[in-house]
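Summary of structural features
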2 protein chains.
Amino acid sequence: MAPDSTSEVDVLIIGAGPAGMMTALWMSRLGIKTRIVDKRTDKVFSGQADGFQARTLEILDSFGIGERVWKESNHMIEVSFWNPDSNGAIKRYQRAPNNIGGLSRFTESVLHQGRMEAFFLDAIAASYPHPADPSGSPLKVERMVLPTSLDVDEAAAEDEDAYPVTVTLRHLTEEEATPTQKLSNLSDGLFRSNLADDDVGSMLAQSKGRVDVREETVRAKYVVGCDGAHSWTRKALGPKYEMEGEMTDFVWGVMDIVPITDFPDVRTRCMIHSASNGSLMIIPRENKLVRLYIQLTEVSAGGGRVDRSKITHEMIFKAAQKIISPYKLDYHYCDWWTAYQIGQRVGNHFTKCDRVFLAGDAVHTHSPKAGQGMNVSMSDAYNLGWKIGLVAKKIMPRKILSTYELERKQIANELIEFDHKFSRLFSGRPQKDILDETGVSMDDFSKAFNMSHMFTSGLGVNYSPSALVSKPPEKALLLESDKEVQNEGTPAAQSKLSAATNCKPGMRFPSYQVMEQCDARPWTLHHKMPSDGRFRLWVFGGDISQAAARERVNALGARLEKGILARAPRIELGAAANPFAGTARFRLDRPPSVVDVMLVHTAPRHEVELLRDLHEVYHPFDAKLGWDYDKVFADGESYNEGHGRAYEGYGVDAEKGALVVVRPDGYVGLVTELGEENWGEVETWFEGVLRMA
Amino acid sequence: MAPDSTSEVDVLIIGAGPAGMMTALWMSRLGIKTRIVDKRTDKVFSGQADGFQARTLEILDSFGIGERVWKESNHMIEVSFWNPDSNGAIKRYQRAPNNIGGLSRFTESVLHQGRMEAFFLDAIAASYPHPADPSGSPLKVERMVLPTSLDVDEAAAEDEDAYPVTVTLRHLTEEEATPTQKLSNLSDGLFRSNLADDDVGSMLAQSKGRVDVREETVRAKYVVGCDGAHSWTRKALGPKYEMEGEMTDFVWGVMDIVPITDFPDVRTRCMIHSASNGSLMIIPRENKLVRLYIQLTEVSAGGGRVDRSKITHEMIFKAAQKIISPYKLDYHYCDWWTAYQIGQRVGNHFTKCDRVFLAGDAVHTHSPKAGQGMNVSMSDAYNLGWKIGLVAKKIMPRKILSTYELERKQIANELIEFDHKFSRLFSGRPQKDILDETGVSMDDFSKAFNMSHMFTSGLGVNYSPSALVSKPPEKALLLESDKEVQNEGTPAAQSKLSAATNCKPGMRFPSYQVMEQCDARPWTLHHKMPSDGRFRLWVFGGDISQAAARERVNALGARLEKGILARAPRIELGAAANPFAGTARFRLDRPPSVVDVMLVHTAPRHEVELLRDLHEVYHPFDAKLGWDYDKVFADGESYNEGHGRAYEGYGVDAEKGALVVVRPDGYVGLVTELGEENWGEVETWFEGVLRMA
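Residues numbered from 1 in each chain as written. Chains lettered and ligands numbered in written order. Predicted model: local features only at pLDDT ≥ 70, side-chain atom pairs only at ≥ 80, totals over all residues. Heavy atoms only, no water.

Comments concerning the overall build of chain A
Along the backbone of chain A there are 18 helices and 28 strands. The buried share among the 693 residues of chain A stands at 63%. Sequence separation of 24 or more characterises 76% of the internal contacts of chain A that already satisfy a separation of 6 or more. For chain A, the exposed surface amounts to about 25200 Å²; the carbon and sulfur share of it is 50%. (Helix = DSSP H or I, 4+ residues; strand = E, 2+ residues; numbered from the N terminus. Buried < 20%, exposed > 50% of the residue type's maximum accessible area, 1.4 Å probe, protein only. Contact = heavy atoms within 4.5 Å. Areas by Shrake-Rupley, 256 points an atom, 1.4 Å probe, with all protein chains shown as cover.)

With respect to the environment of Arg590(A)
Mapped onto the fold, Arg590(A) is located in the loop between α15 (564-567) and β23 (595-601). Sequence separation between Arg590(A) and Ala623(A) is 33 residues, and the spatial gap between their C-alpha atoms is 9.8 Å.

Section: the sheet that holds strand β7 (residues 109-110) of chain A
Strands sit in the order β3-β7-β4 (chain A) across an open sheet of three strands; the sheet is antiparallel. The two strands at the open ends of the sheet, each matched to only one other strand, are β3 (51-52) and β4 (74-75) of chain A. (Pairing = 2+ DSSP bridges.)

Quick word on the relation of the copies chain B and chain A
Once chain B is rotated about the relating axis by 180° and shifted along it by 0.0 Å, it coincides with chain A to within an RMSD of 0.0 Å. On this basis, the relationship between the two copies can be described by a two-fold rotation axis. Residue Glu67(B), judged by its C-alpha, is the member of chain B lying nearest the rotation axis, at 4.5 Å. A shared binding surface is used by both copies, with 100% of the interface residues of chain B retained as interface residues in chain A. (Least-squares fit on C-alpha atoms with pLDDT ≥ 70 in both.)

Looking at unusual backbone geometry
Residues and elements named next belong to chain A. Residue Pro129 is reached from Tyr128 by a cis peptide bond, and omega for that bond is 0°. You can see Pro129 is positioned in the loop between α4 (113-125) and β8 (141-143). Ser325 connects to Pro326 through a cis peptide bond whose omega is 15°. Relative to the helices and strands, Pro326 is located in the loop between α8 (313-324) and β16 (329-347). With phi around 60°, Lys394 is a residue other than glycine that occupies positive phi space. Structurally, Lys394 can be placed in the loop between α9 (373-392) and α10 (402-427).

As for the interface of chain B and chain A
Contact with chain B, which involves 55 residues of that partner, is made by 55 residues of chain A. In total, about 4700 Å² of surface goes out of reach between chain B and chain A, with carbon and sulfur atoms giving 55% of it. At the junction of chain B with chain A, the criterion picks out four salt bridges. Residue Glu609(B) pairs with Arg92(A) through a salt bridge whose shortest N-O separation is 2.9 Å. Where chain B packs against chain A, one counts 20 residue pairs in polar contact (both at pLDDT 80 or more). Contributing elements (two or more residues each) for the side of chain B that touches chain A: α3 (66-72), β4 (74-75), β6 (90-97), β12 (243-261), β16 (329-347) and β25 (626-627) of chain B. Of the residues contributing to the side of chain B that touches chain A, the split by class is 25 nonpolar, 15 polar and 15 charged. (Buried area = accessible area lost by both parts, 1.4 Å probe. Salt bridge = Lys/Arg side-chain N within 4 Å of Asp/Glu carboxyl O. Polar contact = N/O pair within 3.5 Å; in protein donor to acceptor, adjacent residues only side chain to side chain. Nonpolar A, V, L, I, M, F, W, Y, C, P; charged D, E, K, R; others polar.)

Some details on helix α4 (residues 113-125) of chain B
Residue and element names in this part refer to chain B. In a regular helix each residue adds 1.5 Å, so 13 residues correspond to 18 Å; α4 covers 19 Å between its end C-alpha atoms and thus fits that length. Every buried residue belonging to α4 is among Gln113, Gly114, Met116, Glu117, Ala118, Phe119, Phe120, Ala123 and Ile124, and all of these are buried. Contact partners of the buried residues in α4: α1 (18-30), β3 (51-52), α2 (54-62), α3, β8 (141-143) and α9 (373-392). (Expected span 1.5 Å × (residues − 1).)

Here we look at the pattern of salt bridges
All names here are of chain A. Applying the stated rule across the entire model yields 80 salt bridges over all chains. With a shortest N-O distance of 2.9 Å, Arg567 and Glu687 are connected by a salt bridge. Of this pair, Arg567 sits in helix α15 while Glu687 sits in helix α18 (residues 679-689), and the two are 120 residues apart along the sequence. Its relative accessible area of 29% is what places Arg567 among the partly exposed residues.

Overview of the sheet that holds strand β20 (residues 513-516) of chain A
Residues and elements named next belong to chain A. The mixed open sheet is built from seven strands, whose spatial order is β21-β20-β26-β23-β22-β27-β28. Strand pairing shows two members of the sheet lacking a second neighbour, β21 (522-524) and β28 (668-672), which therefore form its edges. Each strand of the sheet is rotated relative to its neighbour by a mean of 30°, with strand direction disregarded. Sheet topology places β20 next to β21; three bridges connect them, and they run antiparallel. Directly across from Met515, in β21, lies its bridge partner Pro522. (Axes fitted to C-alpha atoms, helices over the stretch in contact; angles between N-to-C directions.)

So, the pairing of strand β5 (residues 78-84) of chain A
Strand residues, when the strand is regular, have side chains that alternate between the two faces of the sheet. Residue and element names in this part refer to chain A. Within β5, six of the seven residues are buried, leaving the element largely enclosed by the surrounding structure. Inspection of the sheet shows β5 paired to strand β6 (residues 90-97) by seven bridges, in the antiparallel sense. If you follow Phe81 over to β6, its bridge partner there is Gln94. Hairpin connection, β5 to β6: the antiparallel pair is bridged by five residues, and Gly88 has positive phi, about 90°.

So, the confidence of the model for chain A
All names here are of chain A. With 89% of its residues at a pLDDT of 70 or more, chain A shows a mean pLDDT of 90. Confidence over residues 181-187 falls short of pLDDT 50; this stretch has 16 contacts with residues more than four positions distant or in other chains. Contacts for the low-pLDDT stretch residues 476-489, under 50 throughout, to residues beyond four places or in other chains number 20 contacts. (pLDDT = per-residue confidence, 0-100.)

Structural notes on the environment of Lys91(A)
Residue and element names in this part refer to chain A. For Lys91, the location among the structural elements is in strand β6. Linking Lys91 and Ile272, residues 181 residues apart in sequence, is a C-alpha distance of 8.9 Å. If sequence neighbours within four positions are ignored, Lys91 has contacts with Phe81, Trp82, Asn83 and Asp85.

Some words on the environment of Arg645(B)
Residues and elements named next belong to chain B. Residue placement: Arg645 occurs in the loop between β26 (632-634) and α17 (646-650). On the basis of relative accessible area, Arg645 is assigned to the partly exposed category, the value being 45%. Sequence separation of Arg645 and Tyr512 is 133 residues, and the distance between their C-alpha atoms is 7.4 Å. With residues up to four places along the chain from it excluded, the contact list for Arg645 reads Gln513 and Asp635.

Re the packing of helix α1 (residues 18-30) of chain A against α9(A)
Residues and elements named next belong to chain A. Where α1 meets α9, the axes come as close as 8 Å, and the angle between the chain directions of the two elements is 30°. One element, α1, and the other, α9, form an angle in the roughly parallel class. In terms of crossing hand, the pair formed by α1 and α9 is right-handed. For the pair α1 and α9, the contacting residues are Pro18, Ala19, Met22, Thr23, Trp26, Met27 and Leu30 in the first and Met374, Ser377, Met378, Ala381, Tyr382, Gly385, Trp386, Ile388, Gly389 and Leu390 in the second. For the contact of α1 with α9, the per-class residue count stands at 13 nonpolar, four polar and no charged. (Parallel < 35°, antiparallel > 145°, perpendicular 65-115°, else oblique. Left-handed = near helix turned anticlockwise from the far one by under 90°.)

Some thoughts on the side chain of His615(A)
Residue and element names in this part refer to chain A. Locating His615 in the fold gives a position in the loop between α16 (610-613) and β24 (621-622). Here Val617 takes part through its backbone nitrogen, which lies 3.0 Å from a polar atom of the side chain of His615. Every residue in contact with His615, bar those within four places of it in the chain, is listed here: Asn554, Gly557, Ala558 and Glu561.

Quick notes on the packing of α1(B) against α4(B)
Residue and element names in this part refer to chain B. Between α1 and α4, the least distance of the axes is 9 Å, while the angle of their chain directions is 15°. Between α1 and α4, the angle falls in the class roughly parallel. Classified by chirality, the crossing of α4 by α1 is left-handed. Counted together, Pro18, Met21, Met22, Ala24, Leu25, Ser28 and Arg29 of α1 and Gln113, Glu117, Phe120, Leu121, Ala123 and Ile124 of α4 form the full contact between these two elements.

Structure representation (structure tokens):
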């Protein structure tokens, strides 16, 4: 069967789950010619992942869809621990907050994955029109399309204009692509479970020998495999691409039901250890739904694979009833169910030649109970997407792509380590007394759980030093693996952490409230950092109503104008970041610099006149659209929403000021002092990251 | 030409502007068989109204779309006053807040009217499926449809099962319906201005004699005319239906532009009085747009109508440049422009037989500068919609409909009075010195403006006593006009204002943060009061961890169960308020009562067990969906969002407690004390409003 056609594309995404959709969303915002294919006919209707962590909500918010999840989801504020009492009956033992306060505007929330996919499609559509995208039409998911071969021309990998990846795509017929799972079809809950076999083989077998099957050849600059735990892409890269780790004997069931129960905490997140019937986690969901994670003590993998046929929704629910006894538990409505065997595995390689990348479940699998899966998958893609996009646009050099594996493999390893520990504590039998050495101490369990929020929220992520993350010299020396990225003759920039003690290189830039200089509107700074591919240079200028401070920021402005802003590439913005993107007559005379300079001062707002007092880099002029009023902010008392105390929040001394470089994904790249002697450090940092003129 | 067909509908809405869409939205939420027709081919693309007041945003939020406006709009936080200095040049004289703090979660915001119409359509679609609507398909706007005759059978007006209003509808051809206005078509900015003639006559003339025109007859229970200042519906009701009031000689131009200017406050709301060139108001909008209201001193109506042909966008813009001089003002992009003559007029009747109603511009016109038009129009419809809906569903008696004119004519009169005063102060020439008696004192102007926020925000609305609003006896006696509504043998219930000093009968129930009992989630109470047609009885039960307080709320529960809840009608809820509306298998065994009982206590949340401690009216049981966990709230310190201090906010003493009845539109109907001696008062109130069994 010969391919029907051959075409070229900048980026080909395989799989339209959370990682694939996040990659596609980045590409749409950057105006990159992209295709995304998925073997299924439809999006997910029920079940699957449901947990949204605080950092994930911040990321989604940077694309304008965080608030939709926030509004529709259930927010999990509190957690209850239930353990056996001296008679072996379960009893509420502790209540604790389910989040760390003050770190983020968001808290852990739960919502059906299918809603998320709809929000992604809306966000992708909102990216268009995009001046950089010649096609002009929004990126769409191509369903019922399965890759059948993948080849990388390694010799051409470093050629910027090459399309070194060749993929054959097969367009499936409706019967080949239709999954057996249907909405609330209780008879096949194990579809997509890790107890199920990969179904690609059987899909292909169905069409063997058929003559009406259509194939095509796609030549791509980059391919991203977001095709889940059974990743076809990973397998296509060859036997060297392996998942490393282990499976346990623990088997768990999952049910999404509307519970009918006298158990008092069914709308609270609960961790229940029964004396001898196993453990149960309760995750209260939107629309009266509750997800139950139910340990199946009567099923054991016994070192091998579980017999799927023994697992039914009736037996899973009976296990839940036993654990929660003496409380009664029943249901009339079940939305979805499945079962899985706990294991923790990480891919040994995340990329081939920095041309084919793996993201999400394709490179890490673990138990779902900590609500990490969808989040870490989306975060992989969030880390990768802008790097591929800016390299494809020739704004960044190719060497930056090596930071993907550096940064995300570290997170995958941390996730596996966390999950390994947490799963065993939760699946273990509770200690009967302090002499019971094989049981799990309930004190240890609740302490471990309560300590885990910094990790599970995603706010604890701290990337290693690289061209993109400048840490102070002593810290940078700790990591050898990174030297490769900082090579090629570029001296590495170095951060001075004391300048902004709460802006930590490698961690996400936090968000505090400031007031817009031009109109007194309060904003939390994350809302001024949409995911549009731009780097932000935050100038903490201090009290610019004083001449010395004002002259300092204006001298910096003059230096930036002739230096970084004159030399850095420019970037065209689509409709999501530029309301005039669709109006050819009013297209900006020049697209903006990929470096966005923003100023936060501490002067009384009424003592500053934007146009009179500040250098033009803080209010750039466009001949068609006039001055830009959206780059200067005051840290002061707002009319009705209090004082954001942003300098305090960011850890900046108003006298000294600070400069903070933030990457397009919101992570801090460089922190330094405001004085002239530090400006060269900022230039060095950008020279290591951008293709400067 | 004989009508092609005859059909019946519960509600026919004429006009799909803000008032018509708000009426349609209510009908969709209540599942009422409704049609909405509009003579135009398309929705508004640019220009028109743009101001959203705080109360309007609360109303939109009760339908789930307030946040969309809030997110996309520009928030006007501050206002600048510019007046002539001693040399006659304009100078910034004062800056002031543009809102009153602490009254609402929202502040005055501006966004293009066309976006609003899109949000309405989404909100209407979200109402379906609706168990009460036999059609099953979402209400859609029927465009290019013009009414040509309207007849009310007055003899059948009080027959509940009659369709006493007969309307002929003409389906227009594309050419008849196409307006001459097009996006950014600068040549015809006066389309829809009050300087333009009504175009219905010319539309009909075009089709005269044509044989391909289709007409139909619709028999309706209720007709709502939302067809603007030239209201066809009003005219069809006969010569007795008149607009009363006057036009002034003041003529103003309006332009929506992206300004290119050195005027420093162009992103702030500005009130500029020039020495002798007239006045200018600056309204900064979304997407870099700015709306300018420009006084045209060279055009005067001179007691009659203005010559339209003299008004062009060039002459309007020149007037703006003169006023703002010596600052420079230019633009490259103009989105829309128009001009209007200031006048204030109110309709003398808002209804015929409580079968045909007029709402919005059809019964009040005034100058647009205070951003009131769209808001008061939507508020008319918000007041009217649920009344028609609940009467059509036989939940309320027909006499309640007379409260529409009672309540909204009062607001229209207040609006006209405000606008009359404000327009003259703003259009007047500034006083040269204190001896200049014909000039306007700039001190008086800024004081009047700053005092006006309570009115303009919409939060000051205070409806007169009626069956729906029980004021204490001494206040009720002030208004004679209302007796009619309280007749028919029902003793009027009386409020005891001291029980909840910040819940004022006739005013909107405020919103304070509480915590959900079942899961500790903080909510602002407005979010627990969606516009779904239900009345809320808020029980402020005090510290129910104490036996006496707990027994009091439980005794009330028992009384409610046998009394109001047993006797009040039930109401079916559509998808917007009931996630299981579309799932026939899981339809509620009985729809909920139209009276929703909600409890806010002050006990430490962990000392209350919902199912154990409280009467079932506070957690109703459904055989398919289990207990309802969403009716009990604690006024206490939340984990991460502080203490809402709701009792303090509502003005309730925790020892004494309080009962507050809130209407489906969020206005307080009755306030009384919690003690048993007051329960009869609540029953009396509902007997006056609902058709009790």
